[in-house]
Amino acid sequence: MLSYIKRKLSESDSGSNNSNSNSNSTAAADLVRKTSQMSLDNGAIAYGEDALLHELGYRNATDLQETIYDLLRTIRDPEKPCTLEDLNVIYEDGIFVMQPTRSNVSVVRIEFNPTVPHCSLATLIGLCIRVKVERGLPHNIKLDIYIKKGAHQTEEEINKQINDKERIAAAMENPNLRELVENCIKEEE
């Protein structure tokens, strides 16, 4: 990595006309110019979390966040003829890209806000969110889905249900529940 940076800096030095400038402001401007030339768009090597996201096809964490939000915004409410976005159940600030796991799997936390503190369909909404993201992304990510803190009377119980793989699998085996989920997540024609 260090050799790559040195090579890029020397390449930019050879193309520069102001190589004899001694002022601090010019030196600082040259440094900004040189480092900006080494962005990911210009072939620099990404590392850490950015490397994983770049490998998955995202520019950065915000790009993954926006992709997930675009998937979720079209989910329809089970009771009302509106989307979860229309009802402010799903919102872009409720999607967090976390540090990857030790096995290098991206982790995304999704927070949603039921319309009322006693919403009887909060578990179904959480299930719809999980299914839509898992189907909509071409790669595996670890999803942590939670009700916004203090937004529901039984949030701890529901959070446990919608993050339990066995309960999710069992719920999706139920034909009636599966049909409800499919109706909520299908794209409008």
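Description of the structure in this document. Just so it is clear, the model here is predicted, and its values are computed rather than measured. Note on numbering: residues in each chain are counted from 1, in written sequence order. Only residues with pLDDT of 70 or above have their local features reported here, since the model is predicted, and side-chain atom pairs are shown and tallied only from 80 upward, although totals for entire chains, interfaces and linings are computed over all residues. Derived side-chain values reflect all non-hydrogen atoms in the structure, with water molecules and hydrogen atoms excluded from consideration.

1. Considerations on the overall build of the protein
- Working definition: helices are DSSP H or I runs of at least four residues, strands are E runs of at least two. Numbering for both runs from the N terminus. A tally of regular secondary structure across the protein gives eight helices and three strands.
- Each helix and strand of the protein, ordered N terminal to C terminal, gives the series α-α-α-α-β-β-α-β-α-α-α.
- Note on exposure labels: buried denotes an accessible area under 20% of the residue type's maximum, exposed denotes more than 50%, and partly exposed covers the range between, all computed with a 1.4 Å probe on protein chains only. Per-residue burial for the protein yields a buried fraction of 35% across its 189 residues.
- For the protein, long-range pairs separated by at least 24 residues make up 60% of all intrachain contacts whose partners lie at least 6 apart in sequence.
- Every accessible area reported is derived by Shrake-Rupley at a probe size of 1.4 Å, with residue values counting cover from the shown protein chains alone. Total accessible area on the protein stands at roughly 11700 Å², and carbon and sulfur atoms take up 48% of it. The criterion used for residue contact is that any of the two residues' heavy atoms lie within 4.5 Å.

2. Concerning the state of the cysteines
- Throughout, disulfides are identified as pairs of cysteine sulfur atoms within 2.5 Å of each other. As enumerated under the stated definition, the model contains zero disulfides in all.
- A disulfide-free cysteine, Cys184 has its sulfur positioned 4.1 Å from the sulfur of Cys128, the nearest such atom.
- Judged by relative accessible area, which is 4%, Cys184 ranks as buried.

3. A short note on helix α7 (residues 165–173)
- Along α7, the positions that sit buried rather than exposed are Ile168, Ala171 and Met172. Looking straight down α7, one finds its buried side chains confined to an arc of 95°; they lie on one side. Opposite the buried face of α7, at more than 90 degrees from it, the exposed residues are Glu166 and Glu173.
- Taken together, the buried residues of α7 touch α5 (122–136), α6 (155–162) and α8 (175–185). By arc we mean the arc of the directions from the helix axis to the C-beta atoms, nothing more.

4. Looking at the pattern of salt bridges
- Salt bridges are defined as contacts in which a side-chain nitrogen from Lys or Arg sits within 4 Å of a carboxyl oxygen from Asp or Glu. Going through the model one piece at a time under the given rule, you end up with seven salt bridges.
- The shortest N-O distance in the salt bridge between Asp63 and Arg59 comes to 3.8 Å.
- Of the residues examined, Asp63 reaches a relative accessible area of 13% and is grouped as buried.
- Look at Arg59 and you get exposed, because its relative accessible area is 53%.
- Put simply, Arg135 and Glu182 hold a salt bridge, and the shortest N to O gap is 2.6 Å. Highlighted residues: Arg135 in helix α5 and Glu182 in helix α8, separated in sequence by 47 residues.

5. Notes on unusual backbone geometry
- The phi torsion at Asn88 lies on the positive side, around 60°, for a residue other than glycine.
- Within the element layout of this structure, Asn88 appears in the loop between α4 (61–72) and β1 (95–98).
- Judged by its relative accessible area of 52%, Asn88 falls in the exposed class.
- If you check the backbone angles, Asn104 has positive phi at about 65° while not being a glycine.
- The topology assignment puts Asn104 in the loop between β1 and β2 (107–112).

6. Describing the sheet that holds β2
- Pairing in this open sheet of three strands is mixed, and the strands run β1-β2-β3 from one edge to the other. The open sheet has two edge strands with one neighbour each: β1 and β3 (142–147). Across the sheet, the mean angle from the axis of one strand to that of its neighbour is 20°, orientation sign disregarded.
- Strand pairing is assigned whenever DSSP identifies at least 2 bridges connecting the two strands. Note: β2 against β3, six bridges, orientation parallel. Paired with Val107 across the strands is Lys142, a residue of β3.
- For helices, the fitted line uses only the C-alpha atoms of the stretch in contact; every axis is such a line through C-alpha atoms, and the angle between N-to-C directions lies from 0 to 180 degrees. Across the sheet, α4 is in contact with β1 and β2; its angle to β1 comes to roughly 140°.
- The strands touched by α5 within the sheet are β2 and β3, with β3 carrying the most contacts at an inclination of about 155°.

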